[in-house]
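Residues per chain are reported as follows:
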Amino acid sequence: MNVTPRSEAAPGRVLVTGHKGFTGRYVVAALRSAGYEVLGLVERPDDLESPGINLLDRAGVAGAIAEARPDAVIHLAAIAFVAHGDADEMYRTNVVGTRHLMEALAGLPTTLRSVLLASSANVYGNSDIELLSESVEPSPANDYAVSKLAMEYMAKLWLDRLPVILARPFNYTGVGQAENFLLPKIVSHFQRGERVIELGNIDVARDFQDVRFVADAYVRLLSANAAGQTVNLCSGTSVSLMQVIGMMQEIAGYEIEVRVNPAFVRGNEVARLTGDNRRLRSLIGPLDIIPLRTTLEWMFDSRKTP
């Protein structure tokens, strides 16, 4: 596969769905840093502050895409919280909403450079394979993962018309992520100096990444020879939840008591997710992997930043 250095990325008009979300804000910044013009799925695509278009509004999505005329797309808009609670909304947004987007993009009179769809490493489910590559058979263990895998299958119906890239990021975090996600919850407890934290499943390990790494990888994939590819975004190393707690105790300078609250224990919890990033490296070159401790320090110090 050809590797396209970051400096060779040609500028253009990139539409980002979910640009106001946690990941979207970092993707917008990374795109602008790389010289791209950023558009949003909003009433006026060049005004990112104008009212957003609901992905379930088929006509609205078609109209916004027709006006935006993007050269490439990064599709982030989705319900991304595993324990969201409303499976119907999750499936409609993640699958039907994405189909509306694909239909609108396929109707454009010009050829798109890339259409990157954010899926999830959750599609792998529970596996006894030590390092999960893109060739591992998906085995989703919750509705969120099923909705993302269904989105992937639906998107493949458009491969003859659109240059689709299916990105499977493993767990990632950073400043600005909501506290109902695990790592921000842990960091916020230490920021407040709390002495006890209640968690659910503690015997889990994840290939945690920094949102800035993910945003950078998304942007670099746009100019890579990646159409038709499914690509893991990961470090290749997993960190257990208790290791995270240990890092935070060192950063904050005190120990916290961890209690398991049965109400927080999820059924069908994926025990370990560790990704194989060889395909990503073959497509975009050397990876700017940020150590998890560095990310946690950034998050912990964020409250002190004006």
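Residues numbered from 1 in each chain as written. Predicted model: local features only at pLDDT ≥ 70, side-chain atom pairs only at ≥ 80, totals over all residues. Heavy atoms only, no water.

Quick look at the sheet that holds strand β8 (residues 205-206)
At step 1: Overall, mixed pairing links the 3 strands, which are arranged β11-β8-β13 in an open sheet. On the outer flanks of this sheet lie β11 (239-240) and β13 (272-273), each paired with one strand and no other.
At step 2: Pairing geometry for β8 and β13, over 2 bridges, is parallel. Residue pairing across strands places Arg206 opposite Leu273, the latter belonging to β13. (Pairing = 2+ DSSP bridges. Helix = DSSP H or I, 4+ residues; strand = E, 2+ residues; numbered from the N terminus.)

Side note on the packing of aromatic side chains
At step 1: Inspection of every chain in the model, using the stated rule, returns 5 aromatic pairs.
At step 2: An angle of 20° between the planes, with centres 6.2 Å apart, marks the rings of Phe22 and Tyr172 as stacked. Here Phe22, found in helix α1 (residues 22-33), pairs with Tyr172, found in strand β6 (residues 172-173); they are 150 residues apart in sequence, far enough to count as distant.
At step 3: Using a relative accessible area of 14% as the deciding quantity, one classes Phe22 as buried.
At step 4: Ring centres 6.0 Å apart and planes at 80° place the aromatic pair Tyr26 and Trp298 in the edge-to-face group. One end of the pair, Tyr26, is in helix α1; the other, Trp298, is in helix α9 (residues 292-301), and 272 residues separate them in sequence.
At step 5: By way of ring pairs, the aromatic residues Phe22, Tyr26, Tyr172 and Trp298 are connected into one cluster.
At step 6: The lysine or arginine in question, Arg195, covers the ring of Tyr254, its NZ or CZ lying 4.1 Å from the ring centre.
At step 7: The residue whose ring lies beneath Arg212 is Trp298, and the NZ or CZ to ring-centre distance is 3.6 Å. (Phe/Tyr/Trp six-rings, centres within 6.5 Å; stacked < 30°, edge-to-face > 60°. Buried < 20%, exposed > 50% of the residue type's maximum accessible area, 1.4 Å probe, protein only. Lys NZ or Arg CZ within 6 Å of the ring centre and 35° of its normal.)

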